[in-house]
Amino acid sequence: MNFVLLSLDLAGAAKQPADALVVLVPAGYKPGKDGLGTLMTQALKAGELDTQAGKLLALYRVPPVRAARVLLVGAGEGSARQVRQAMQAALGVLRSGSPAVKKLLFCFAVAPQAGALRAAVQAVADTSYVYTTTKSKADGRSLARVSVAVRGAPAAAETEFARAVATVTGVEFAKEWANRPANHATPTLLAGAARSLAKLPKVSCEVLGPREVARLGMGAFMAVAQGSEQPLRFIVLRYQGGNKLQAPTVLVGKGISFDTGGISIKPAPEMDEMKFDMGGAASVLGVFRALAELKPSINVVGLIPSCENMPDGRAVKPGDVVTSMSGQTIEILNTDAEGRLILCDALSYAERLKPAAVVDIATLTGACVIALGAVRSGLFSGDDALAQRLLAAGEAAQDLAWRMPLDEDYAEGLKSNFADVANVAGRAGGAITAAKFLQRFTAKFPWAHLDIAGTAWKSGAGKGATGRPVGLLLEFLLGQEKGSLLGVQRSSKRSARTRKA
Ligand code: BES
Ligand code: MN
Ligand code: ZN
């Protein structure tokens, strides 16, 4: 999909060729005296046009407008959230109609508020995304070009637009890999996806296999992988945009390509959804895809431990004790609590990178789905400043998180008679006890954990990956850029106005 930013007012946008024109109309809007303006004034007066977010008025062949289909859509107060709602409603109507809209033009009737342009671009991309990889026919309904008209299009709009388009690219890369069925997204294929990213500017990739991982002493990771025919992969992605001495921010993504539960096997209903158990890994891949697009002056390392969790004659058994890379021994009481086992070794590996901060991203617990549902990801961190930055990034990107507690009392249930720690506690506070387990491996650096079990994918008729939390992570990382305002000005100068997603 091609995104183009046009510096046009409403009258100018009306003259553009497109299959459909969507006009975002906020409350209190005073239309101009041009053809479309007059029509809007009448429609507002008659009550046919409602400025509540998501209310629609569909028109066909309105004389001054070149696009055959015109949708006037209420944008409420014009906040990012309301603009997203409005674009979702508009795209819902356009996508259900025929003929298919290939060239879409949307226009802000008044200059967009902070975050609204980004919200609109992301909503368009989100609602028009279609998964096709394992279908025999391509989808004929996908949008080819999306033009966005903003009056005067100031430098700030250009910067926001560039970020939005890069985020879309990253989100779609994450969706693609998370959506692929487990037989089309094995640990080896995921490593291939990471390697393909290393062709992009400033990105490099290294992939470790079973032998190297054994040499590192990652006994917890190896224990999860041992029941599968698919060899494990430990993926190390590097984005180097800053100078070599700058400490990197490390992202660790859970890459369980399929989670059967292992010997502690899961029930059959909805087990297919455990192909999404590499959603954390997919979000790390998506972030690197977007970084290569935006080229900020920061250093980022992505770590992805990837394997299947399978029941087998060789599989790890409940009660087995393994030694993690940190030297801590772990009693694996439940083989279905495998995410924390692969992550703890990746966190120990992160130590050697002398990171500025480490953020892990994982579809870790069903308990987090119960606690927060599909709206906010669970955020855990002992570092208040880091937690605040991540929460704020989530708000700015409309990719929300909610901070959860890490009181030491929650670790009580992880005590074991046979090892230093057990991999599960009781059912109570399951998302928190999982985070407490991980925290034992993070003493040497500022750390945060995002439990995305409820937010990484949707179930039901619209089943599919969301690409979350690529938006949050990218916003967080771009905020680390030193003198980030200067960086923004520089990049907007050399930015092209046409961008491909
Ligand atoms: N991948 C699952 C978590 C999950 C479950 C995410 C359902 C989304 C929906 C994870 O590996 C898991 O199985 N966790 C167990 C932990 C339990 C055994 C302590 C869980 O949440 O049931
Ligand atoms: Mn599991
Ligand atoms: Zn899992």
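Look a little higher up for the structure.
Residues numbered from 1 in each chain as written. Chains lettered and ligands numbered in written order. Predicted model: local features only at pLDDT ≥ 70, side-chain atom pairs only at ≥ 80, totals over all residues. Heavy atoms only, no water.

Enquirer: What's the story with the packing of helix H5 (residues 155-179) against helix H9 (residues 279-294) in this structure? I'm lost.
Expert: Working note: a packed helix pair is described by the angle between its axes plus the distance between those axes. Orientation of H5 relative to H9, taken along the N-to-C sense of each, is 150°, at an axis distance of 7 Å. Compared by their axis directions, H5 and H9 come out roughly antiparallel. The handedness of the crossing between H5 and H9 is right-handed. Each of Ala-162, Arg-163, Ala-166, Thr-169, Gly-170, Phe-173, Ala-174, Trp-177 and Ala-178 in H5 lies in contact with H9, whose residues at this interface are Ala-282, Ser-283, Leu-285, Gly-286, Arg-289, Ala-290, Glu-293 and Leu-294. Its residues assigned to classes, the contact of H5 with H9 shows ten nonpolar, four polar and three charged. (Axes fitted to C-alpha atoms, helices over the stretch in contact; angles between N-to-C directions. Helix = DSSP H or I, 4+ residues; strand = E, 2+ residues; numbered from the N terminus. Parallel < 35°, antiparallel > 145°, perpendicular 65-115°, else oblique. Left-handed = near helix turned anticlockwise from the far one by under 90°. Contact = heavy atoms within 4.5 Å. Nonpolar A, V, L, I, M, F, W, Y, C, P; charged D, E, K, R; others polar.)

Enquirer: Mind showing me how you'd approach the site of ligand 1 here?
Expert: In the vicinity of ligand 1, 16 residues are found, and the nearest of them are Lys-266, Asp-277, Asp-336, Glu-338 and Gly-366. Between ligand 1 and Asp-336, the relevant distance is 2.8 Å, taken from an oxygen atom to a side-chain nitrogen or oxygen of the residue. Partitioning the shell around ligand 1 into residue classes produces five nonpolar, four polar and seven charged. (Near = heavy atom within 4 Å. Polar contact = N/O pair within 3.5 Å; in protein donor to acceptor, adjacent residues only side chain to side chain.)

Enquirer: So what exactly am I meant to see when it comes to the coordination of the zinc ion (ligand 3) here?
Expert: By definition of the ideal shapes, a tetrahedral metal site with four donors has angles of 109.5 degrees and an octahedral site with six donors has angles of 90 or 180 degrees. Here the zinc ion (ligand 3) is held by the protein donor atoms Lys-254 (NZ), Asp-259 (OD), Asp-277 (OD) and Glu-338 (OE), which lie 2.0 to 2.4 Å from it. For the zinc ion (ligand 3), the six donor atoms in the first shell make angles of 78 to 174° at the metal, so the coordination geometry reads as octahedral. In this structure, the zinc ion (ligand 3) lies 3.2 Å away from the manganese ion (ligand 2), the two metals sharing Asp-259 as a donor. Of this pair, Asp-259 sits in strand S10 (residues 255-259) while Asp-277 is found in the loop between S10 and H9, placing the two residues 18 residues apart along the sequence. Asp-277 matches Asp-259 in its accessibility class, with the two residues each being buried. (Donors = N, O, S within 2.8 Å, 3.2 Å for Na, K, Ca; no water. Tetrahedral: all angles 85-135°; square planar, octahedral: opposite > 155°, others 65-115°. Buried < 20%, exposed > 50% of the residue type's maximum accessible area, 1.4 Å probe, protein only.)

In short, shape yes, function no, at least from these values alone.
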